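# Understanding the architecture of this molecule
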Amino acid sequence: MVAHTAIDCDGIVTAMSLEVTVRGTTIPAEELTWRFSRSPGPGGQSVNTADTRVELGYDLAASDALAPILKERAMRVLAGRLTNGVITVTSSENRSQLRNREAAAARLSRVLTEATAPPAPPRRPTKPTRGSVERRLAAKQRRARTKRLRRSTEE
């Protein structure tokens, strides 16, 4: 487990985890790639000079960390977001690189967990009830009668 402690501006110590967990399976740290760059935002003298923006990549296609069925589901669901089999998430909302790393790891966990969710059960087709059919036909007759009364009688 990779855990760090951070002290925020109020002096409170918090434990931060950089693990990516998907449905009970922890992805090994060796399979994650981290890139850091300068965060976008308002500039000025001596502003945005630290590499606080974080990109976290995970090679889903080459990984053996996930079970084959979960990997296949994730590949199918995330097909539009994958670049050569790699899913990438970014985080730049915090001014601290460590907090952005934590946010990126949490985001990747959430994306992969949602992508590996089992499919919803198929809808069972049902027949309309007799009452709903009768209400629909009565409404049709009312509309037809209203339109018939609007017609001119000069025929």
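Residues numbered from 1 in each chain as written. Predicted model: local features only at pLDDT ≥ 70, side-chain atom pairs only at ≥ 80, totals over all residues. Heavy atoms only, no water.

## Comments concerning the environment of A104
Checked against the element boundaries, A104 lands in helix α2 (residues 97–115). Once the C-alpha coordinates of A104 and T88 are considered, the two residues, 16 residues apart in sequence, prove to be 9.3 Å apart. Each residue touching A104, except ones within four places of it in the same chain, is listed here: W34, V54, L56, V89 and S91. (Helix = DSSP H or I, 4+ residues; strand = E, 2+ residues; numbered from the N terminus. Contact = heavy atoms within 4.5 Å.)

## A short note on the pattern of salt bridges
Under the defined criterion, the tally for this structure stands at four salt bridges. The partner of E55 in a salt bridge is R35, and the shortest N-O contact between them spans 3.5 Å. Note that E55 is positioned in strand β6 (residues 53–59) and R35 in strand β5 (residues 32–37), a separation of 20 residues in sequence. The class for R35 is exposed, based on a relative accessible area of 54%. The partner of R76 in a salt bridge is E72, and the shortest N-O contact between them spans 2.5 Å. (Salt bridge = Lys/Arg side-chain N within 4 Å of Asp/Glu carboxyl O. Buried < 20%, exposed > 50% of the residue type's maximum accessible area, 1.4 Å probe, protein only.)

## Quick look at the packing of aromatic side chains
Counted by the stated rule, this structure contains zero aromatic pairs. In this arrangement the basic side chain of R101 is found over the ring face of W34, its NZ or CZ atom lying 4.6 Å from the centre. (Phe/Tyr/Trp six-rings, centres within 6.5 Å; stacked < 30°, edge-to-face > 60°. Lys NZ or Arg CZ within 6 Å of the ring centre and 35° of its normal.)

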